[in-house]
Amino acid sequence: MEELQSTEILDREILEDARKKAYRILKTADETVKTNASVWEKKIAGAIAEMESRYAARKREVHDEIMARLPMDKRRAKSEKIEEYLASAVDHWYRHQSPERVLALLEAELQKRLSQCPEFTAVPDKSLVTGKLRNIKKAEAEPLLKKLKLSGCTLEELPSFSGKPYPEIVLDIKPVRITASIDMVVDTLLHVKRAELITALIGSEALNADEGDVHD
């Protein structure tokens, strides 16, 4: 009987010791988990703070870049809009010119080129002068060339390649070539009268504004 009691006491002692050990193990594990969780929370908080700092810095950089580029973008947009106005004005002007007026302008342009190249009018055999025509027919060019003492030139009609409707005459006599076109007249007009044309189109205030936008 005493032996049975001793065995029960021993069992209880063993179980109690096992519970104490288990408690200590669980307590240690719980403390480890809490410690690790605290460490990871600090790491995560630090990573988030670093990301927020980088984001804020990048946001400031983008803002500064945009603000620095904004005046340039406005000037470019204004310039593009002005070019659109000029192109539209030139197109409107050309469409309202009579065929006779267009030929007269072309003749004046060609005469100006020829005055600097006497080789064309001095050659005895005008058939040696070859002419390429774009946006102008032979029947239109021949009277014009006759006025300029170039009757009898060898003429060839070519398709337009610039996408513009402007007439053009190209004359060749080796080794010289001259070109006369309404496109050149327009370019000269835009170069010489540019500020005056822009002022007439959009007004002096819009022309002189550094940062102003040009609206439709």
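So, how was this worked out
- Residues numbered from 1 in each chain as written.
- Predicted model: local features only at pLDDT ≥ 70, side-chain atom pairs only at ≥ 80, totals over all residues.
- Heavy atoms only, no water.
- Helix = DSSP H or I, 4+ residues; strand = E, 2+ residues; numbered from the N terminus.
- Buried < 20%, exposed > 50% of the residue type's maximum accessible area, 1.4 Å probe, protein only.
- Contact = heavy atoms within 4.5 Å.
- Areas by Shrake-Rupley, 256 points an atom, 1.4 Å probe, with all protein chains shown as cover.
- Pairing = 2+ DSSP bridges.
- Right-handed = clockwise from strand over helix to strand, strands pointing away.
- Axes fitted to C-alpha atoms, helices over the stretch in contact; angles between N-to-C directions.

*Asks:* Help me get a handle on the overall build of the protein chain, residues and values and all.
*Replies:* Tallying secondary structure elements over the protein chain gives 7 helices and 4 strands in all. When the helices and strands of the protein chain are placed in sequence order, the string is α-α-α-β-α-β-β-β-α-α-α. A buried classification covers 22% of the 216 residues belonging to the protein chain. In the protein chain, the share of contacts with a sequence separation of at least 24, taken over all contacts with a separation of at least 6, comes to 74%. Counting every atom, the protein chain has about 15,800 Å² of accessible surface; 57% of that belongs to carbon and sulfur.

*Asks:* Describe the pairing of strand E2 (residues 154-158), and please don't skip the residues or the numbers.
*Replies:* Here 5 bridges tie strand E1 (residues 130-134) to E2, and the two strands are oriented parallel to one another. Paired with Gly131 across the strands is Leu155, a residue of E2. In the classification by handedness, the crossover that spans E1, the intervening helix H4 (residues 138-147) and the parallel E2 is right-handed.

*Asks:* If you had to explain the sheet that holds E1 to someone new, which residues and values would you point to?
*Replies:* Taken in spatial order, the 4 strands line up as E2-E1-E3-E4 in an open sheet, and their pairing is mixed. On the outer flanks of this sheet lie E2 and strand E4 (176-181), each paired with one strand and no other. Averaged over all adjacent pairs, the angle separating strand axes in this sheet is 15°, with direction ignored. With 5 bridges connecting them, E1 and strand E3 (residues 168-173) associate as antiparallel partners. Within the sheet, the bridge partner assigned to Leu133 lies in E3 and is Ile169. Its contacts with the sheet put H4 on E1, E2 and E3, and the angle it makes with E2 is roughly 140°.

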